[in-house]
Protein chains: 2
Amino acid sequence: MPPSEPLGDWPNPNFRAAAHRTADLVADYLQRVPQYPVLGACKPGDVAAQLPAAPPEHAEPAEALLADYARIIEPNLTHWNHPGFLAYFSITGSGPGILGEWLAAGLNVNAMLWRTSPAATELEERVCDWLRQMLVLPSEFQGHLNDTASISTMLALAAAREAAGLDVRTHGLAGLPPLTVYCSDQAHSSVDKAAIALGLGLDQLRRIPCDAAFRLDVSALERVLAADRAAGKRPIALVATAGTTSTTSVDPLRALGEIARRENLWYHIDAAYAGSAAICPEFRALLDGLELADSVVTNPHKWLFTPVDCSVLFTRKPGVLKAAFALTPEYLRSAETGVTNLNEYGVQLGRRFRALKLWFVIRAFGAEGLRARIRQHVQWASEFRSWVEADPGFEVCAPSPFSTVCFRAVPPGTPEAQDRFNATLLESVNAAGPVFLSHTKLRDRYVLRLAIGNLRTTLAHVLQAWTLIGEAAKKLNA
Amino acid sequence: MPPSEPLGDWPNPNFRAAAHRTADLVADYLQRVPQYPVLGACKPGDVAAQLPAAPPEHAEPAEALLADYARIIEPNLTHWNHPGFLAYFSITGSGPGILGEWLAAGLNVNAMLWRTSPAATELEERVCDWLRQMLVLPSEFQGHLNDTASISTMLALAAAREAAGLDVRTHGLAGLPPLTVYCSDQAHSSVDKAAIALGLGLDQLRRIPCDAAFRLDVSALERVLAADRAAGKRPIALVATAGTTSTTSVDPLRALGEIARRENLWYHIDAAYAGSAAICPEFRALLDGLELADSVVTNPHKWLFTPVDCSVLFTRKPGVLKAAFALTPEYLRSAETGVTNLNEYGVQLGRRFRALKLWFVIRAFGAEGLRARIRQHVQWASEFRSWVEADPGFEVCAPSPFSTVCFRAVPPGTPEAQDRFNATLLESVNAAGPVFLSHTKLRDRYVLRLAIGNLRTTLAHVLQAWTLIGEAAKKLNA
C-alpha cells in the first residue's frame, strides 16, 4: 500500500536552501574555472569507478548530491567555459544565458503547442525575429529553435525533399530515382548524418571539391550536377557553408544561390558558426548572398554566448516544413486558431523553453555589445595569425576571416614527419593544462586550429597559447 | 576598432547576485504556482504585444531581465509544474532535477565525445544503467540520452532500417521495395513523424486495429504482415506501445515480441510514459515481454520527475545504431581508445549534459522513493476512477492500468450531442483555473482524460478536479 501522506517534491525551504548553494557553486565555478586544466586530468574509467554500480535504494540529501558533483563531476570534465578553451568552436555559457536556463528549468513547460506555452511560443517567434533582423535577413524568413544544427539541417533537407513534389511524406522514397544533395568537401558531418537519416544515402550526397581557399568550386558543382541529371538522378538541394568547421571558409553564397534558383534546388546555408558574426556589417558583407537561401541555420549556442542547446532554423518557406511534418492527433487538438504550434515544424513534439536564454543574452549585452564582443574575438584571432606569420618555424594554412586560425609548425623533414611533429606538438600543448586546441586535416596535412569564442577568453589567453606552442615546438625541435 | 579592454561576460559578483535572485524567483514560483490558473489567462498575441519588435541596441541590467520575466513570461504560461496540471501526461520539474539542470547550464559542456566531457559521458552510461536495472531489463541493454522520445523512436527505426541489411546508410531507399513498419492505431504520432523523416513514407506505416482494451490486435497484425509480404513489401520493424497516449493501454508485448522474432522484425517498444512505472514490480508485470525488445524508449522527463528534456533509448544492439550513424571527420578524432563517443549513436553531434539531472533525481528520491511516488499516483487515479464509476452521469471509457483515466459524461442524447456536451464540459472545467485536463477520441467518441504525474499533485487536487467536473456538468445539464 502506498503511504497516505503525499510524498511530493523536496519541501520548498529545502529546495530554496539547496538552490542558493547551487547558485554559489556555479558562481564559484565560473570564478575558479581558469585554474582548472582545460582538459580534466582523468583517464577513461576514472569517473565510472567512483559511481556505484547499482542505483541507490534510499533518498540522499541535497548536500550529498552537491558534494558529489563537486568531487566527482566538476574536476573530471573538459571545461568548455574555460578561457583557455580554444578547440573545435569555442562556446560560452554566459551569465544571462545560464539564468535563462535556470528559469526555464523551474517552469518546465513544453512548448509543443501555443496552448501549452503561450509565452514560450510567442517569445520564441519574437526572439528569432530579433535575430533575423540582426542578421539582415528579409522579413519573409521565419525562425524557430531546435536543439542542434544537426537537427536544423536534417529538417531543412526534409523540407527540400518535400519541396521536390514527389510526396515523399506519404509514399516514401522507394520506387523514386535517387535524390541527390550537393555540398563541399569541407561541409560539416551533420550533412552526412542528415543524408543517412532521411534515407537519401551517403552516395547521394555529392561532396564537391573546393578552391584554394576551401570554398566550394562552382564550376565543379555545375559539372557534377549536369552529370547527375544525365544519369537520371534527381538533384533536390544545395548546402552551402558559411564558416566551415575546419577553416571557417565561406562558400560563394551568391553564385551558389543563383545556381540553386536556376536548377530548382532547395538552397540551405549552414551558418551554424559564422552566422553570429553576420550581426556585424563588415562580416555580413562576407556572407553576401545569405538572403538567397531557402533556409539558414545558425547556432546562438556557438558564437552568440547562449548555453547549449540553441540552434535557429530560418526559412522563407515555413509552409514546406509544415507540409512535411505537421500532424495533429486528436489528443493534441486545441481550440485556438491563427496561432503557431511549434511542434509542426519538425520531428520533435517535446520542446524546451529555449527562447528565454536567448532573450536574456540579447538583452543583457545588447546588439552593440554582441557586435563588440565578436569583433574582439576576430581581432584577437588576427593578432594570433600575425604572430604565426612572423615566425619562420610556423605557417598559416588557410584564410581566417573570423575567429579561427589554422596553422602548423614547419620543421625540416618529410610531410609525414611534419604531420607527426604537429600531432605531438598539439598533444604536448594540450597536456600543459592552460589551453586546449584541436586539429584538422587540410589537403591531407595535419593542421592545428585555434578558435576564439568564449567570453572569458582575453588576448592574454591567446598569447599564453602562442607562448606554450612556441615552447613546446622548441622542446620537440631540440 | 574594437575596444582594447576585454568586454567579456557579466562580472562575477553581478552574476552571483543575479543568480541568488533567480534562485529565489524559482523557489517563489514553485511556492506560488498553485495560485495561478493552470492555463494562463492570455489570448493569442498578448505576449507578443509586450515584446519590442526590434532587438535592443544597448545592454540592459539583470534586474530588467528578471523583472520582465516575472511580468511578461511567468503569468502567461500554461503551468506544467502546477499541481492541478492533469492534462496530456503530467510531468514534474522536481527540485533535484532543476538543480541538476542549473549545474549543467553553468558547466555548458558538450558531451559529443568522451574527450570533450569525460564525466558527462561516464555518468550518462552509469545513470542509464541504473535505470536499466530499475526497469529489470537484461544487462545487454545499453542506454543513452536523447532530448525526446520523438528522436529516440526515429533512431530506433533508423536502426531497424539499417538492420534490414540493405545498406540504406550508403545507398538510400531509392530502388528498394517499400520498407514497412507496424504499430497500433493507438501508437503515438512520433511513429508517423519517424516514418516521414526516415523516408519510409506514411503509407508504409501500417496502423493495426486494437482490441476492446485498445491493445494491438495480434491476429490483425499477422494478416497485414502476410498480405504485405505477398505484395512485395519488406517489413522491417514492429513498434509496440507500453502506455498509449490516449488510454495508457499496453500492447501484448510478449506475443508481439515472438512475432517480431519469427518475422525478423526490429522490435521497438515505446514506453515513454509507462516505462517509469516499470520500476515497481507490480507494474513491471504489466509490461511482461519488455525484455524481448531490440530497443525501448522511456522518458524520465515524463513520469520520473526529471525536467524536460530527457529521453532514454535502450537497445540490445548498440552496434546497429553505430553502424547507422557513426561518422568521425578528422576534426573530431581523438586519441582515446575503448571509450564511448555518444554522438555516434544518433543524428545530433551536440549533446547537453542531461545525465546530471537524472542522477540527482534518482539519488534525491532513491529507488524506493520513486516507486512510492508512482504508486501514489496510480492509487489516486484509481480513486478518481471509482468516483466516476459511482456516478451515473459519467462513465469510464477505458481500462486505467496506471495514473491516467479516460472518462466522459453520459447525458441523455445522441452520441454527437454527448460529444458536444463533453467538449463544452472540458472547456468549462479548464476555464475555472485550478485544474487543466485534456481530451482524446476513443472509437470516434470525445473522451476526457485525467492524468496524474506531477509531484506537487495530491489527492486533494484530484478531488478538486472531480468536484469542478461535477459542478460544471450540473450547470450544463440545467
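What you see is a predicted model; the values in this text were computed from it and never measured.

**Quick word on the overall build of chain A**
Looking only at helices and strands, one finds 15 helices and eleven strands in chain A. Taking 23 Å as the expected radius of gyration for a compact globule of 478 residues, we find that chain A reaches 24 Å, a close match to that expectation. Viewed in the frame of its principal axes, chain A has a C-alpha envelope of about 75 × 65 × 45 Å. Contacts spanning at least 24 positions in sequence make up 73% of the contacts within chain A whose residues lie at least 6 apart.

**Examining the sheet that holds strand E8 (residues 311–315) of chain B**
All names here are of chain B. The strand order across the open sheet formed by seven strands is E2-E8-E7-E6-E5-E3-E4, and the pairing between neighbours is mixed. Pairing within the sheet leaves two strands with one partner each, and these edge strands are strand E2 (142–146) and strand E4 (205–208). Averaged over all pairs of adjacent strands, the angle between strand axes in this sheet comes to 20 degrees, irrespective of strand direction. Pairing analysis gives three bridges linking strand E6 (residues 266–270) to strand E7 (residues 295–298), with the strands arranged parallel. Looking at E7, one finds that Ile269 is bridged to Val296. Its contacts with the sheet put helix H5 (residues 149–163) on E2, strand E3 (179–184), strand E5 (234–241), E6, E7 and E8, and the angle it makes with E6 is roughly 175 degrees.

**Looking at the interface of chain B and chain A**
Opposite the 145 residues of chain B that make contact, chain A presents 143 residues. By residue class, the composition of the side of chain B that touches chain A is 79 nonpolar, 42 polar and 24 charged.

**Let's talk about helix H9 (residues 253–263) of chain A**
Residue and element names in this part refer to chain A. Those residues of H9 that sit buried are Leu253, Leu256, Gly257 and Ala260. The buried residues of H9 occupy an angular sector of 105 degrees when projected down its axis, which confines them to one face. Of the surrounding elements, those touching the buried residues of H9 are helix H8 (218–230), strand E4 (234–241) and strand E5 (266–270). The first or second residue beyond H9 is Asn264, which carries a positive phi of 60 degrees.

**A look at the environment of Thr247 of chain B**
All names here are of chain B. Of note, Thr247 is situated in the loop between E5 and helix H9 (253–263). The spatial distance from the C-alpha of Thr247 to the C-alpha of Lys441 is 9.9 Å, given a sequence separation of 194 residues. When residues no more than four places from it in sequence are discounted, the contact partners of Thr247 are Phe214, Ala398, Cys406 and Leu442.

**Here we look at unusual backbone geometry**
Cis geometry marks the peptide bond from Val308 of chain A to Asp309 of chain A; its omega dihedral reads 0 degrees. For Thr248 of chain A, which is not glycine, the phi torsion reads 65 degrees and is therefore positive. Among the structural elements, Thr248 of chain A can be located in the loop between E4 and H9. A count of 28 C-beta atoms within 10 Å places Thr248 of chain A in the buried class. Not every positive phi belongs to a glycine, and Val136 of chain B is a case in point at roughly 55 degrees.

**What about the pairing of strand E12 (residues 445–451) of chain B?**
Residues and elements named next belong to chain B. Burial runs high along E12: six of the seven residues are buried. Bridging between strand E10 (residues 404–409) and E12 involves four bridges; their strand directions are antiparallel. Of the residues in E12, the one forming a bridge with Val405 is Leu450. Sheet topology places strand E11 (residues 436–442) next to E12; five bridges connect them, and they run antiparallel. Along E12, the bridge assignment pairs Ser438 with Arg449. Hairpin connection, E11 to E12: the antiparallel pair is bridged by two residues, and Arg443 has positive phi, about 45 degrees.

**Digging into the sheet that holds strand E1 (residues 142–146) of chain A**
Residue and element names in this part refer to chain A. The strand order E1-E7-E6-E5-E4-E2-E3 describes an open sheet built from seven strands, whose pairing is mixed. Only two strands of the sheet have a single partner each, and these edge strands are E1 and strand E3 (205–208). Here the strands of the sheet are splayed against their neighbours by 20 degrees on average, with no regard to which way each runs. One ladder, built from four bridges, connects strand E6 (residues 295–298) with strand E7 (residues 311–315); its direction is antiparallel. Looking at the pairing, Val296 lines up with Phe314 of E7. Where helix H4 (residues 118–134) meets the sheet, its contacts fall on E1 and E7, and the angle it forms with E1 comes to roughly 115 degrees. On top of the sheet, helix H5 (residues 149–163) reaches E1, strand E2 (179–184), E4, E5, E6 and E7; it is set at about 175 degrees to E5, its chief contact.

**Topic: the pairing of E3 of chain B**
Successive residues of a regular strand alternate their side chains across the two faces of the sheet. Residues and elements named next belong to chain B. Summarising burial for E3: six of the six residues are buried, a large majority. A two-sided burial pattern is seen for E3, the buried positions comprising Leu179, Val181 and Cys183 on one face and Thr180, Tyr182 and Ser184 on the other. The pairing of E3 with E5 spans four bridges and is classified as parallel. Paired with Thr180 across the two strands is Pro235, which belongs to E5. Relative to E4, E3 is paired through four bridges, and the arrangement is parallel. Bridge pairing links Ser184 to Ile208 in E4.

**Here we look at the environment of Val33 of chain B**
All names here are of chain B. Tracing the backbone through its elements, the reader meets Val33 in the loop between helix H1 (12–32) and helix H2 (62–73). In this structure the C-alpha to C-alpha distance between Val33 and Glu74, which are 41 residues apart in sequence, comes to 9.7 Å. Apart from the residues lying within four places of it in its own chain, the contact partners of Val33 are His79, Asn81 and His82.

**Considering the relation of the copies chain B and chain A**
Mapping chain B onto chain A calls for a rotation angle of 180 degrees and an axial translation of 0.0 Å; the resulting RMSD is 0.0 Å. Such a combination of rotation and displacement between the chain copies is what one expects of a two-fold axis. Both copies present the same face, since 99% of the interface residues in chain B are matched by interface residues at the equivalent positions in chain A.

**Considering the packing of helix H4 (residues 118–134) of chain B against helix H13 (residues 355–390) of chain B**
Residues and elements named next belong to chain B. Where H4 contacts H13, the two axes come as close as 9 Å, and the packing angle between them is 40 degrees. Taken together, the axis directions place H4 and H13 in an arrangement best described as oblique. The interaxial crossing formed by H4 with H13 has left-handed handedness. Here H4 contributes Ala120, Leu123, Glu124, Val127, Trp130 and Met134 to the contact with H13, which in turn contributes Ala355, Leu356, Leu358, Trp359, Ile362 and Ala367. Residue composition of the contact of H4 with H13, grouped by class: eleven nonpolar, no polar and one charged.

**Some thoughts on the environment of Pro412 of chain A**
All names here are of chain A. Along the chain, Pro412 turns up in the loop between strand E9 (404–409) and helix H14 (415–432). A count of 8 C-beta atoms within 10 Å places Pro412 in the exposed class. Put simply, Pro412 and Asp294 are 118 residues apart on the chain and 48 Å apart in space, counted from C-alpha to C-alpha.

**Focus: the confidence of the model for chain A**
Summary statistics for chain A give a mean pLDDT of 97 and a share of 99% for residues scoring 70 or more. Model confidence for the complex is summarised by a pTM of 0.97, with the ipTM given as 0.97.

**Brief notes about helix H1 (residues 12–32) of chain A**
The terminal C-alpha atoms of H1 of chain A, which comprises 21 residues, lie 30 Å apart, in line with the 30 Å expected from a rise of 1.5 Å per residue. For H1 of chain A, the complete set of buried residues consists of Phe15, Ala18, Ala19, Thr22, Ala23, Leu25, Val26, Ala27 and Leu30 of chain A.

Thresholds, definitions, all that
- Residues numbered from 1 in each chain as written.
- Chains lettered and ligands numbered in written order.
- Predicted model: local features only at pLDDT ≥ 70, side-chain atom pairs only at ≥ 80, totals over all residues.
- Helix = DSSP H or I, 4+ residues; strand = E, 2+ residues; numbered from the N terminus.
- Rg over C-alpha atoms; globule rule 2.2 N^0.38 Å.
- Contact = placed C-beta atoms within 7 Å.
- Pairing = 2+ DSSP bridges.
- Axes fitted to C-alpha atoms, helices over the stretch in contact; angles between N-to-C directions.
- Nonpolar A, V, L, I, M, F, W, Y, C, P; charged D, E, K, R; others polar.
- Buried ≥ 20, exposed ≤ 12 C-beta atoms within 10 Å, placed from the backbone.
- Arc of directions from axis to C-beta.
- Least-squares fit on C-alpha atoms with pLDDT ≥ 70 in both.
- Parallel < 35°, antiparallel > 145°, perpendicular 65-115°, else oblique.
- Left-handed = near helix turned anticlockwise from the far one by under 90°.
- pLDDT = per-residue confidence, 0-100.
- Expected span 1.5 Å × (residues − 1).

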